[in-house]
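Structural overview
Each chain is listed here by its residues.
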Amino acid sequence: MAAVFVIAFSSDVQAVEYPVVGVWANAKDPAGIEAVQACASYSKDRKAPRGNLLVFNGSKKTEFNGGYLEEETVNNLTVRKIGVSEYQVIDSYYHDGEGGGRPGLRRRSYKLRLLTSDKIELKEGNYPSQLFIRCPSGSHVAKSASPPNSQSSSIGASVTNSANKPGYVLVEPDKQFGTIGDWKISTARFGIGCLAVHGYDDTSKVTVGGETPKKLAIVIEVARKLFTSNLDAEPYVESVELVLGDWRRGELAPYGYRGTPGVVAPFDAALSQAFLEAPSVKLTERGSVKLVVPLKQTKEAMGMLLDCFRKTR
């Protein structure tokens, strides 16, 4: 059942997300530019920052070097975990022919290792490894589509604004479909969609649901006192990250339905794969763990969620 679940959520996804997000500065820039200077430069000018910077945003990676755009990935092809916090990455980028060779698309394979929440190491072939440091949250990635905001985050309606649609819909539980351990699977109100709810305590809850299996979201409700960020009003939640095992995602959207604090993220292929394998759901704020929700029987619960979709269409 678990394998069917992954296929169902990844059938229309062509690119693979990187295991990190945000802006990262080379700790030992060959040009001698300090990482803090490079980060500050990016905050002021995102088209031509000084220093060697990597910007990860979903399946896209952009590299700046010496004040100009050096490389921009066309497609991240594969991300394969090969060790504890270590990944083998293959991506495709456009080579402009500078330095010799014919211009055109090229592939590149390298290893990416998560050293800490704020440090990564990249190693390509026989070249020396490179250490990159995460820039402060003020240097966040400019998204092509605005994340959901609290004014439009009503259950039973699309989490969106008038200009951008994230591709998922939040739904509210109606009739119970089944239970597995701490998971409760229900149909959605008005008979459209299904959702799985894991109630951890009186204030913390993990929900996966939507109108169809290909347009799901994950909502994590939290106790307001645990976080300094306003998780029901801020348009971007830059300082909070979702952690599933060695996998993490930042720049979450706030929840805020009826004043309930929490975060929302699209339940895409990369997240669903990590979710199935993770022993817990964690939320961190500025690198500090704020919430840990242990997960059990996740694969069985997600399998029942798919059964709910099949039997209620």
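So, a few notes on the structure that sits alongside this text. (Residues numbered from 1 in each chain as written. Predicted model: local features only at pLDDT ≥ 70, side-chain atom pairs only at ≥ 80, totals over all residues. Heavy atoms only, no water.)

Remarks on unusual backbone geometry
Its identity as a non-glycine residue notwithstanding, Arg286 has a phi of 55°, on the positive side. As for its placement among the helices and strands, Arg286 is situated in the loop between strand E18 (280–285) and strand E19 (288–294). Owing to a relative accessible area of 60%, Arg286 belongs among the exposed residues under this scheme. Positive phi, normally seen in glycine, also occurs at Gln297, with a value near 55°. Looking at the secondary structure, you find Gln297 in the loop between E19 and helix H4 (298–312). (Helix = DSSP H or I, 4+ residues; strand = E, 2+ residues; numbered from the N terminus. Buried < 20%, exposed > 50% of the residue type's maximum accessible area, 1.4 Å probe, protein only.)

Things to note about helix H2 (residues 35–44)
Of the positions making up H2, those classed as buried are Ala35, Ala38, Cys39, Ser41 and Tyr42. All buried residues of H2 lie within an arc of 160° about the axis, which places them on one face of the element. For H2, the exposed residues set more than 90 degrees away from the buried face come down to Val36 and Lys44. Those residues of H2 hidden inside the fold are in contact with strand E1 (22–26), strand E2 (53–57) and strand E3 (60–65). (Arc of directions from axis to C-beta. Contact = heavy atoms within 4.5 Å.)

Notes on the packing of aromatic side chains
Describing an aromatic ring pair means giving the distance of the ring centres and the angle of the ring planes. Counted under the stated rule, the structure contains four aromatic pairs. When the centroid spacing of 5.4 Å and the interplanar angle of 80° are considered together, the rings of Phe267 and Phe275 count as edge-to-face. The exposure classification of Phe267 matches that of Phe275, with both residues buried. Counting every residue linked through ring pairs, the aromatic cluster contains Trp183, Phe267 and Phe275. (Phe/Tyr/Trp six-rings, centres within 6.5 Å; stacked < 30°, edge-to-face > 60°.)

Points about the nonpolar core
Grouped together as the largest cluster of nonpolar side chains are 39 residues, with contacts concentrated most on Ile218, Ile220, Leu244, Leu271, Phe275, Leu283 and Met302. Here this core takes six residues from H4, the largest share from any one element. Leave out the neighbours within four places in its chain, and Leu271 touches Ile218, Leu242, Leu244, Trp247, Arg249, Ala265 and Pro266. Counting 13 residues, the second largest nonpolar core, distinct from the first, contains Val20, Leu54, Tyr87 and Val89. (Core = buried A, V, L, I, M, F, W, Y, C linked by side-chain atoms within 4.5 Å.)

Examining the sheet that holds strand E14 (residues 240–244)
Note on sheets: strands pair through backbone hydrogen bonds, and any given pair is parallel or antiparallel. Taken in spatial order, the four strands line up as E15-E14-E18-E19 in an open sheet, and their pairing is antiparallel. Pairing within the sheet leaves two strands with one partner each, and these edge strands are strand E15 (247–249) and E19. The mean angle between the axes of side-by-side strands here comes to 20°, regardless of whether they run parallel or antiparallel. Taken together, the three bridges between E14 and E15 define a ladder with antiparallel strand orientation. Paired with Leu242 across the strands is Arg249, a residue of E15. (Pairing = 2+ DSSP bridges. Axes fitted to C-alpha atoms, helices over the stretch in contact; angles between N-to-C directions.)

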